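# Understanding the architecture of this molecule
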Amino acid sequence: MKRKDVISWDNYFMGIAHLSALRSKDPFTQVGACIVTAQKKVVGIGYNGFPTGINDDDLPWEREGEFVDTKYAYVVHAELNAILNATTSLQGCTMYVSLFPCNECAKAIVQAGITTLVYECDKYAHTPAVIAAKKIFDYAKVTLIALPHDVSVSLKVYPHHDK
């Protein structure tokens, strides 16, 4: 008899987004994204962080101060990283993201051909960047789906034992 408590596809892919977010070194916000095809194949994942090749110690993680002295001038968002890490065309794909995207990521999502966005948290809904993002998605007819519950992952790392 097969298991009946198998997690849903939405929980599975949002779980992958959350697992990816665990790679973020941002001390304030960890965001993850997972892009999947209509056939339920993962074709891109990403998390928020500095561009590859830049030492994390060389740039600031601060949220306040002059723009060039904060993380906002340098961080690549999870959504853009997932798009840049994609292994195939993203036409018609679905993106799962733990935090609703900003307007800059919304432009990249639309430009990449992603047609559905499943998100979990929308805590910045009142900000101009998210208001603009929602307009961009509306104009481009991207389907927005808010998960009706939170997803969390837990990771236990065991010490490696040679046999």
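As a starting point, this report considers the structure included with it. (Residues numbered from 1 in each chain as written. Predicted model: local features only at pLDDT ≥ 70, side-chain atom pairs only at ≥ 80, totals over all residues. Heavy atoms only, no water.)

## Overview of the sheet that holds strand β4 (residues 116-121)
Just so we agree on the cut-off: Paired strands, in this sense, are two strands between which DSSP finds at least two bridges. Secondary structure elements are taken from DSSP: a helix is a run of H or I of four residues or more, a strand is a run of E of two residues or more, and numbering for both begins at the N terminus. Lines fitted to the C-alpha atoms define the axes, with helices restricted to the stretch that makes contact. Angles between their N-to-C directions range from 0 to 180 degrees.
Read from one edge of the open sheet, five strands run β2-β1-β3-β4-β5, paired in mixed fashion. Edge positions in the sheet fall to β2 (42-47) and β5 (143-146), since each of these pairs with one other strand and no more. This sheet shows a mean twist of 15° between the axes of neighbouring strands, independent of strand direction. As paired strands, strand β1 (residues 32-36) and β2 are joined by five bridges and run antiparallel to one another. In the sheet register, Ala33 faces β2, and the bridge partner there is Gly46.

## A short note on the pattern of salt bridges
Basically, it comes down to this: Any Lys or Arg side-chain nitrogen located within 4 Å of an Asp or Glu carboxyl oxygen qualifies as a salt bridge. Note on classification: 1.4 Å probe, protein chains only; a residue is buried when its accessible area is under 20% of the maximum for its type, exposed when over 50%, partly exposed between these limits.
Tallied over the full model, the rule gives five salt bridges. Of the charged contacts in the structure, one is a salt bridge between Asp26 and Lys71, with a shortest N-O distance of 2.7 Å. Note that Asp26 is positioned in the loop between α1 (9-21) and β1 and Lys71 in the loop between β2 and α2 (78-84), a separation of 45 residues in sequence. Using a relative accessible area of 5% as the deciding quantity, one classes Lys71 as buried. Residue Glu104 pairs with Lys107 through a salt bridge whose shortest N-O separation is 3.0 Å. Residue Glu104 and its partner Lys107 are both found in helix α3 (residues 103-112); the two are separated by three residues, about one turn of the helix. Overall, Glu104 belongs to the partly exposed group, its relative accessible area being 48%.

## A closer look at the side chain of Thr116
Heads up, the rule is: The contact criterion used is simple: two residues touch if any of their non-hydrogen atoms lie within 4.5 Å.
Topologically, Thr116 is positioned in strand β4. Since its relative accessible area comes to 16%, Thr116 is described here as buried. Residues within four places of Thr116 in sequence aside, it is in contact with Cys93, Thr94, Met95, Val142, Thr143 and Ile145.

## Details of the packing of aromatic side chains
Heads up, the condition is: Pairing of aromatic rings covers Phe, Tyr and Trp, the last counted by its six-membered ring, and requires centre-to-centre distances within 6.5 Å; plane angles under 30 degrees mean stacked, over 60 mean edge-to-face, and any other angle means tilted.
A full pass over the atoms with the stated rule returns seven aromatic pairs. Relative to Phe137, the ring of Phe100 lies with its centre 5.9 Å away and its plane at 80°, an arrangement referred to as edge-to-face. Of this pair, Phe100 sits in the loop between β3 (94-99) and α3 while Phe137 sits in helix α4 (residues 128-140), and the two are 37 residues apart along the sequence. Take Phe100: its relative accessible area is 5%, and that puts it in the buried class.

## Observations concerning the state of the cysteines
What makes a disulfide is a covalent bond joining the sulfur atoms belonging to two cysteines. Quick note on the threshold: By definition, disulfides here are pairs of cysteine sulfur atoms that lie within 2.5 Å.
In this structure the tally under the stated criterion is zero disulfides. With no disulfide of its own, Cys121 lies 14 Å from the sulfur of Cys102, the closest cysteine sulfur. By relative accessible area, Cys121 is classed as partly exposed at 26%.

Function cannot be read off these values alone, since they describe shape.
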